[in-house]
Amino acid sequence: MDSGREGASGDGVADAKSEPGSPAAGLKRALILLGPPGAGKGTQAREVAKVYGVPHLSTGDMFREHVAQGTELGRRAKPIMESGQLVPDEIVLGMVQERVARPDCAAGCVFDGFPRTLAQAERLEAILGGIPGLAGRSLAVNLAVDAEEVVRRIASRRTCRKCGAIYNTGGRMPRVPGVCDVCGGEVIQRPDDREEVVRQRLAAYEQQTRPLVDYYRKHGRLIELDGSRDISTVQRDLFAALERAG
Ligand code: ADP
Ligand code: ADP
Ligand code: ZN
């Protein structure tokens, strides 16, 4: 969770009881947040996961954890992340396959930053096919934000080193400077949020990830949102769209 100042409860979303499709009824989907770096995927994914009580699966957070712990996977991923390129599919897929097979994903999960290539999207469908309750239940949400705005957002992003909570210098900063509201961890600027790396990450997005928008549209599994509006407006539309999708 982030600072919580724009938490879902303020919108009454968390108060919905057990209407079909409401948070209390469970997500029962593999929700996929698409959009360029800085679009707001993590911010929205954390809120959906909290309200529906399902895991938030950020492959970026998972890699950063591996890097912090100095695992073999972390050692392989670190230089690739620092250069702004994508980690090879087989590494990402092995990690996701293991995670999504755990029982806490059976009622649904929210993917953030995954899939990022067509191969990952296709493999995800195969993986979900083996999970009762999630087979054929993927749904992608594209947060459309133009390049200028994502560059601005990334420059102002600050992130908790420990729990991944997302802040920004434009008004959503921790109560105590540099200290995460959620876990007390250190709030920093991600090394790959520096301008030189951001350009490469945006190029990787355009070449490898943007085609997924068409992929999910073609399969009738796409919700398109204008992600350029403020956090609570995007959040309200996202929850409404999820309820409609059932
Ligand atoms: P952002 O939130 O800015 O979109 P992430 O935290 O999702 O960034 O990802 C950070 C980095 O981790 C990426 O630039 C990439 O190197 C790596 N990464 C994360 N998810 C994936 C993925 N699904 N496939 C390949 N690389 C990934
Ligand atoms: P992503 O996961 O897509 O890379 P984040 O959720 O980390 O994006 O958001 C990037 C930065 O932009 C963060 O500092 C976040 O606080 C901020 N942010 C997210 N959504 C919005 C929004 N709708 N309007 C303004 N700033 C936003
Ligand atoms: Zn934290």
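That block above? That's the structure.
Definitions and cut-offs
- Residues numbered from 1 in each chain as written.
- Chains lettered and ligands numbered in written order.
- Predicted model: local features only at pLDDT ≥ 70, side-chain atom pairs only at ≥ 80, totals over all residues.
- Near = placed C-beta within 6 Å.
- Helix = DSSP H or I, 4+ residues; strand = E, 2+ residues; numbered from the N terminus.
- Nonpolar A, V, L, I, M, F, W, Y, C, P; charged D, E, K, R; others polar.
- Buried ≥ 20, exposed ≤ 12 C-beta atoms within 10 Å, placed from the backbone.
- Pairing = 2+ DSSP bridges.
- Axes fitted to C-alpha atoms, helices over the stretch in contact; angles between N-to-C directions.
- Parallel < 35°, antiparallel > 145°, perpendicular 65-115°, else oblique.
- Left-handed = near helix turned anticlockwise from the far one by under 90°.
- Contact = placed C-beta atoms within 7 Å.

### So, the site of ligand 2
Now for step 1: Taken together, the neighbourhood of ligand 2 is formed by 17 residues, with Gly40, Lys41, Gly42, Thr43 and Asn168 sitting nearest.
Now for step 2: The biggest single contributor to the shell around ligand 2 is helix α1 (residues 41–52), with 3 residues.
Now for step 3: In terms of residue class, the shell around ligand 2 is made up of 5 nonpolar, 7 polar and 5 charged.

### Brief notes about the site of ligand 1
Now for step 1: Among the 20 residues in the neighbourhood of ligand 1, the closest are listed as Pro37, Thr59, Gly60, Leu86 and Gly113.
Now for step 2: Top element by residues in the shell around ligand 1 is helix α2 (residues 59–69). It accounts for 3 residues.
Now for step 3: The class makeup of the residues in the shell around ligand 1 is 9 nonpolar, 8 polar and 3 charged.

### Some words on unusual backbone geometry
Now for step 1: Note the cis peptide between Phe114 and Pro115, where omega equals -10°.
Now for step 2: Looking at where Pro115 falls in the secondary structure, it is placed in the loop between β3 (109–112) and α5 (118–129).
Now for step 3: Of note in the backbone geometry, Lys28 takes a positive phi value of approximately 50° without being a glycine.
Now for step 4: Tracing the sequence through the fold places Lys28 in the segment before β1 (30–34).

### Section: the environment of Ile166
Now for step 1: With respect to the element layout, Ile166 can be found in strand β6 (residues 166–168).
Now for step 2: Through-space distance from the C-alpha of Ile166 to that of Arg46 is 9.3 Å; in sequence the pair is 120 residues apart.

### Brief notes about the pairing of strand β8 (residues 222–226)
Now for step 1: Here β8 shows one buried face, formed by Ile223 and Leu225, and one open face, formed by Leu222, Glu224 and Asp226.
Now for step 2: When strand β4 (residues 138–144) meets β8, the two strands line up parallel, connected through 5 bridges. In the strand pairing of β8, Asn142 is matched with Glu224.

### Some words on the sheet that holds strand β5 (residues 157–160)
Now for step 1: As summarised here, the arrangement of the 3 strands in space is β6-β5-β7, forming an open sheet in which the pairing is antiparallel. A strand with exactly one partner marks an edge of an open sheet, and here the two such strands are β6 and β7 (187–188).
Now for step 2: As judged from the 3 bridges shared by β5 and β6, these two strands associate in the antiparallel manner. In the strand pairing of β6, Arg158 is matched with Tyr167.

### Some points on the pairing of β5
Now for step 1: If you look at the hairpin formed by β5 and β6, you'll find 5 residues sitting between the two strands, and Gly164 has a positive phi there, around 80°.
Now for step 2: Alignment of β5 against β7, held across 2 bridges, turns out to be antiparallel. Along β7, the bridge assignment pairs Thr159 with Ile188.

### Here we look at the packing of helix α4 (residues 89–100) against α5
Now for step 1: Between α4 and α5, whose axes approach to 11 Å, the crossing angle comes to 25°. Our classification of the angle between α4 and α5 gives roughly parallel. As for the relative orientation of α4 and α5, their crossing is right-handed in sense. Facing Asp89, Val92, Leu93, Gln97 and Val100 of α4, the residues of α5 in contact are Ala119, Gln120, Arg123 and Ile127.
Now for step 2: Across the contact of α4 with α5, the residue classes tally to 5 nonpolar, 2 polar and 2 charged.

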